[in-house]
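Each chain, letter by letter, is given below.
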Amino acid sequence: MSSRARVLILNAALGPLDYRVPAGMTVGPGSIVVAPLGPRQLLGVVWEAERMPSDAEVGDNRLRNLLAVADVPPLGAPLRRLVEWTADYYLAPAASVLRMTLASTSALEGARTAVEYRSTGVVPPRLTPQREQALERIGDRQGLIRELATLAEVSDAVIRGLVKVGAIEAVEVSIDVPYPVPDPVHHEPTLSDDQRAAADALVAGVAEHAFHPTLLDGVTGSGKTEVYFEAVAQAIRDGRQTLVLLPEIALTEPFLKRFHDRFGCEPVARHSGLRSTQRRRAWRAIASGEALVTVGARSALFLPYRDLGLIVVDEAHETSFKQEEGVHYHARDVAVMRGKFEGCRSSSPPPRRRSRPGNRSRPGAMPSLKLPGRFGVAEMPTIEPIDLIKDPPERGRWLAPKLVKAMQATLERREQSLLFLNRRGYAPLTLCRTCGHRFQCPNCTAWMVEHRLTNRLACHHCGHAEPTPRVCPECKGEDTLVACGPGVERIADEVTALFPEAKTAVVTSDTIWSPAKASSSSGGWRRAISISSSARSW
């Protein structure tokens, strides 16, 4: 056993550093350790010296001792190769990539319980606006003080004050309860011939325990999810782990329900909307191999799976799989590389144009399985354009009469309608009818978009926001500001006026920001109309 170890610490400004392994401590490649750096103590991972060369070798007499080894399984060689490849391909520091793997530092601790806080329903005698806002936004949620403060957009002191007066109480929760095991035969579906052929091909690839990247290409409603669920079932039978990547956090909740219907329990969820205790529990279960199926956003790619047998990138064409903060990477391409290092099947329904078999001369080309038609008696929809010049909306409205009639017929059949407009907010432009002043972003000069639900003007380019003014800043005129053009909120107002008896929901990132919110907003409505700014929201 070597008396020195090369450690990649979580500091992007430094390269790998050498440390002395003290007597009685056993470390190897992938071991997660605590290393001293000046007066600080930082997490790091032991790496192969030949794969992570150091800028300057130092003698054994100048090395500092490692302080501790985390009581968790070491990071496997496939994950270490993925960290190296991602850092090299996307020109990022290896330490920054490694930080995504060790994002849940509490998972390295041995404690099995934690103290969280929740509302008691008691109204404090002194109800300040901040306290009222905190209690309203927390609702029945539970979490750490910092998490509740962030959720309520108040300071930690406000939450601590509510704890002192009994409006919020502390509860001890177990954070390492075992996850249920999915049952691959809980509710096996009846597949069509095309679905069965595609499912058999995916199952065979999983059973081979070899790298088989595949594109599952099918029209909407062809049953792609049920097909790749058969591959998930095979991985469960083999005792291997599965990762399902979804493009949006809001899509997680509906997927969990669909998975529960098929396998009898929910998979392990991993996304930014989880509490720290939930992220810790998921990380430890994934590292130990207990979590057989994980569903999450793109960051779930870098978790330390013990035995990964299948990776599914659902809706692989979505731009949400491109990470544009911190380490820039594309989750679809990283998923293929992780599958290669792990020696498992990678499946992506549906394919991007550049990844289709006909484009093999371009990067990312791979074999595909096709589902040409919809399942059962379902038929492809009839798409009919409306010429707004020949069929113009009424003055002051934005919906064509022909569209309104079709929506009325849909409601009479007790069915749902979805209106899609790729413009968030109420109106894309606000100007003064007296002097013609246009509200522009002070940072990037883009037009400010009016959001009436939040009473603000927002720039969708740089994120700048400000309260909606009552007077024109140029001519100081009152009641002269006018909204120009439609956004989803304006369309929602028109729909409400046209169909007052129908339930209406605005589905945007302003109104749905978590899986729980998506679940509460989408359940089982009849005679409902949804107005969305994102084609993948529902």
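Residues numbered from 1 in each chain as written. Predicted model: local features only at pLDDT ≥ 70, side-chain atom pairs only at ≥ 80, totals over all residues. Heavy atoms only, no water.

One open sheet holds the 3 strands; their spatial order is S7-S6-S8, and the pairing between them is antiparallel. Edge strands, defined here as strands with exactly one partner in the open sheet, are strand S7 (142–143) and strand S8 (168–174). Bridge analysis of strand S6 (residues 113–119) against S7 gives 2 bridges, and the strand direction is antiparallel. The partner of Tyr117 across the bridge, within S7, is Gly143. (Pairing = 2+ DSSP bridges. Helix = DSSP H or I, 4+ residues; strand = E, 2+ residues; numbered from the N terminus.)

Of all 8 residues in helix H2 (residues 94–101), 6 are buried, a share of seventy percent or more. Looking at H2, one finds that the buried residues are Ala94, Ala95, Val97, Leu98, Met100 and Thr101. Against strand S1 (4–9), strand S4 (40–47), helix H1 (77–89), helix H9 (276–288) and strand S15 (329–330) lie the buried residues of H2. (Buried < 20%, exposed > 50% of the residue type's maximum accessible area, 1.4 Å probe, protein only. Contact = heavy atoms within 4.5 Å.)

A few words on empty space enclosed by the protein. Taken as a whole and assessed by the stated rule, the structure comprises 1 cavity of 30 Å³ or more. There is about 60 Å³ of room inside the largest cavity. Within the lining of the largest cavity, the residues separate by chemical class into 9 nonpolar, no polar and 2 charged. (1 Å grid on protein atoms, 1.4 Å probe; cavity = no way out; pocket = protein on both sides within 12 Å on 5 of 7 lines; lining within 4 Å. Points joined across faces, edges and corners; volume = space filled by probe spheres on them. Nonpolar A, V, L, I, M, F, W, Y, C, P; charged D, E, K, R; others polar.)

Quick look at the confidence of the model for the protein chain now. Here the protein chain shows a mean pLDDT of 86. Residues at 70 or above account for 89%. Predicted confidence is poor over residues 351–364, with pLDDT under 50, and the contacts of this stretch with residues over four places away or in other chains come to 28 contacts. (pLDDT = per-residue confidence, 0-100.)

Counting 52 residues, the largest nonpolar core has Ile32, Leu245 and Trp283 as the members making the most contacts within it. Here Leu245 is in contact with Gly296, Ala297, Arg298, Ala300, Leu301, Val312, Val313, Asp314, Phe321, Ala331 and Ala335, once residues within four sequence places are set aside. (Core = buried A, V, L, I, M, F, W, Y, C linked by side-chain atoms within 4.5 Å.)

Bringing the side chain of Arg270 into the picture now. By the element assignment, Arg270 lies in strand S11 (residues 268–270). Ignoring anything within four residues of it in the chain, the contact list for Arg270 reads Ala103, Ser104, Arg279, Ala282, Thr294, Val295, Gly296, Ala297, Ala300 and Leu303.

This brings us to the state of the cysteines. Within this structure, the stated rule accounts for 0 disulfides. Cys435 forms no disulfide, and the closest cysteine sulfur to it belongs to Cys472, at a distance of 3.6 Å. Looking at Cys462, it has no disulfide partner, and the nearest cysteine sulfur is the one in Cys441, 3.4 Å off. The partly exposed category is assigned to Cys462, whose relative accessible area is 40%. (Disulfide = S-S within 2.5 Å.)

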